[in-house]
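# Examination of the molecular architecture
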Amino acid sequence: MGLFDDETEGSPPPGPSLFGDAPEDNTPKAAAYRVLARKYRPKTFGDLIGQEALVRTLRNAFAMNRIAHAFMLTGVRGVGKTTTARILARALNCTGPDGNGGPTPDPCGVCENCIAILADRHPDVVEMDAASNTGVDDVREIIEATRFRPLSARTKVFIIDEVHMLSKAAFNALLKTLEEPPPHIKFVLATTEIRKVPITVLSRCQRFDLRRVAVDVLSAHFTRIAAAEHIAIASTAIDHIARAADGSVRDGLSLLDQAIARGAEDGAEISAAMVADMLGLADRGFVFDLMDAVVAGEAAKALAIADDAYERGADPGVLLSDLLALAHLLTRMKSVPTLASSSTLPEAERTRGAALAQMLSIPFLGRLWQMLLKGIQEVETCPDRRAGAEMILIRLCHVADMPPPGELLKKLTENPGASFSGGGAGPAPGSGGARAVAGGGMVMAAPRALTFQDVVALAANKRDVMLYAHLRQSVHLVRFAPPVIEMRLADGTPRDTVPKLAAMLEAETGRRWTIALSNLPGEPTIDEAEGVATAKARDEALNHPLVQAILAEFPGAKVENRHTAPEPEEAEIPADWAALVPPDELYEGDE
Ligand SMILES: [Zn+2]
């Protein structure tokens, strides 16, 4: 009938024996490696893991003899839709070991119908993959077949996988049969995209939602299989696989296959590190490293971490999805603080996650979530997915920390003295990566219009040598509007520069400051500006007639610098020596 299923390619040997090709076959001729997903495909409802609600409902239906004539199974790939469909086909057709049994939720596995269906070769159980048979003619073929009684089964079962792929005409053709199916016909439809199935079709089916299988359920399942296969694998390695499987038993087993294939080389235990390497996770910590860099606005560092991950084979989309998952975890930890002590979380999540969650605000995490969601879609439509992911990371670094523009504007215009947290990191200075800052109170003591130079001078007064040096060397001022400072930091600036600055300003002024990192180029740093001024002064001096005369008189002489005696009022403004002394000397003179 031209009906195929994606899982039947390595199909069982077509030998005449009724027994030799059952999936659990362990005879020597089956020595060729069979992938775990096939070998351990559930044969009964009892074997289905993580789908308790579905199993309970189906059992009740069989017990009460109220079996629908059409089922719709929906769920993400690899959760067991076609497997469930095949178990249903056996449950409907099992005749029991004595050949006299009726429909049962516990098919015997030994009657002719059970065996033939298990081997995918029962003439009355027809599978069609709608992904490659989308047209009305394909459906007509099925409808034609429904007119005939089953050859050897009680009930003909039509399994249509990825049913949402059918054309509109095909759906319409199917609809008539679904409305009034002959009594000996059952349909089992499966789809990953239930929203694409017309409501007219849905309304004629009993619907079952197969759930993503929980990580701990997957871990337990894979542990059992590894034991049955005599595979030595660390429990943490299994946890990695279970998490990466993302709710799909089949994907998880496929990863376990890969891990076994790699580990078999030296026969040693499959370690968590090996699996992490295989999955492209240096270790769980790298997602946290990436989040740290993003939160701190350190684009260069974030890109370096991403580069490293790509080199290990990580997928750009997966990388962002990992960040998204972490944003979700952090938001949950923020909302349910007891999660931090939950034993269901791995060590990294408990410790580093708790620290990050404490530092970040819910609005910040919400914004991060939104940007990542949008970014993940963008990456999938980008011709170069890696470049796409990098653009998203850079955008996150520069924008995620900014207060929402509306909020910023509103607060500043309504109440210039208002304090607000920029939605970024909290106030804890030194917690690493903070940048929107806390405070509240008076403006700096001086009545003069405040400038960024005053802030730098304050750092000198406070003897904060490192901060003073970085304010001069690394800050490209974008906007100075107390209590808001927007700046771009030069690459390599320590991440604690911003929280230190914020803490200093808050301590001095008693008010909350918002220090936002910008991706605008901003002004030259103070050091750069002074360098420009020095060069300009030197050129002027060189052109002075007196200097020219001296240079003519003393060949080889050089103009090193130009000194101008400071005017008294100017010299008083920084109020001390600090602005004139290089940071190193300042430090020595401090203690
Ligand atoms: Zn049976």
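Residues numbered from 1 in each chain as written. Predicted model: local features only at pLDDT ≥ 70, side-chain atom pairs only at ≥ 80, totals over all residues.

## What about the environment of K462?
As for its position among the elements, K462 is in the loop between helix 19 (452–461) and helix 20 (465–473). Under the C-beta neighbour-count criterion, K462 is labelled partly exposed, with 14 such atoms within 10 Å. Separated by 42 residues in the primary sequence, K462 and M504 have C-alpha atoms spaced 8.5 Å apart. (Helix = DSSP H or I, 4+ residues; strand = E, 2+ residues; numbered from the N terminus. Buried ≥ 20, exposed ≤ 12 C-beta atoms within 10 Å, placed from the backbone.)

## A few points about the environment of Y310
Inspection of the secondary structure assignment puts Y310 in helix 13 (residues 299–311). Look at Y310 and you get partly exposed, because 16 C-beta atoms sit within 10 Å. Note: C-alpha distance between Y310 and R386 (76 residues apart in sequence) is 8.4 Å.

## Topic: the pairing of strand 4 (residues 185–191)
The element strand 4 is largely enclosed, with a buried count of seven among its seven residues. Note that strand 1 (residues 70–74) and strand 4 share five bridges and pair parallel. If you follow A70 over to strand 4, its bridge partner there is F187. Direction of pairing for strand 3 (residues 156–161) relative to strand 4: parallel, over a ladder of five bridges. Across the sheet, residue V157 finds its bridge partner in strand 4, namely K186. For the segment spanning strand 3, helix 6 (residues 168–179) and strand 4, crossover handedness is right-handed. (Pairing = 2+ DSSP bridges. Right-handed = clockwise from strand over helix to strand, strands pointing away.)

## Details of the confidence of the model for the protein
Reading predicted coordinates in detail is not appropriate for stretches of low pLDDT. Per-residue confidence for the protein gives a mean pLDDT of 77; residues scoring 70 or more make up 77%. For the stretch residues 404–447, pLDDT sits under 50, and the model shows 112 contacts to residues farther than four places along the chain or on other chains. Below a pLDDT of 50 lies the segment residues 566–591, which in the model reaches 16 contacts outside its immediate sequence neighbourhood of four places, other chains included. (pLDDT = per-residue confidence, 0-100. Contact = placed C-beta atoms within 7 Å.)

## Some thoughts on unusual backbone geometry
Note the cis peptide between P482 and P483, where omega equals 5°. Note on placement: P483 falls in the loop between strand 6 (475–481) and strand 7 (484–489). Although it is not a glycine, E162 sits at a positive phi angle of roughly 50°. Relative to the elements of secondary structure, E162 occurs in the loop between strand 3 and helix 6. Residue classification places E162 among the buried positions, given that 24 C-beta atoms sit within 10 Å. One non-glycine residue with positive phi stands out, namely H230, at about 55°. Counting through the fold element by element, H230 comes out in the loop between helix 8 (215–228) and helix 9 (235–244).

## Observations concerning the sheet that holds strand 6
Reading across from one edge, 6-7-8 is the order of the three strands in this open sheet, with mixed pairing throughout. Edge strands, defined here as strands with exactly one partner in the open sheet, are strand 6 and strand 8 (514–517). On average, each strand axis in the sheet is tilted by 25° relative to the strand beside it, whichever way the strands run. Looking at chain direction, strand 7 and strand 8 are connected through four bridges and run parallel. Its bridge partner lying in strand 8, V484 is registered against T514. (Axes fitted to C-alpha atoms, helices over the stretch in contact; angles between N-to-C directions.)

## As for the nonpolar core
Counting residues in hydrophobic clusters, the biggest one holds 65 residues, and the most contacted among them are F71, V188, L189, I241 and A259. With six residues, helix 3 (residues 81–93) is the single largest residue contributor to this core. Built from parts of two domains, this core gets at least three residues from each of domain 1 (6–209) and domain 2 (215–279). Among the nonpolar cores identified, the runner-up in size contains 37 residues, and F288, A293, A296 and I305 belong to it. (Core = buried A, V, L, I, M, F, W, Y, C linked by C-beta atoms within 7 Å. Domains from an automatic or database assignment.)

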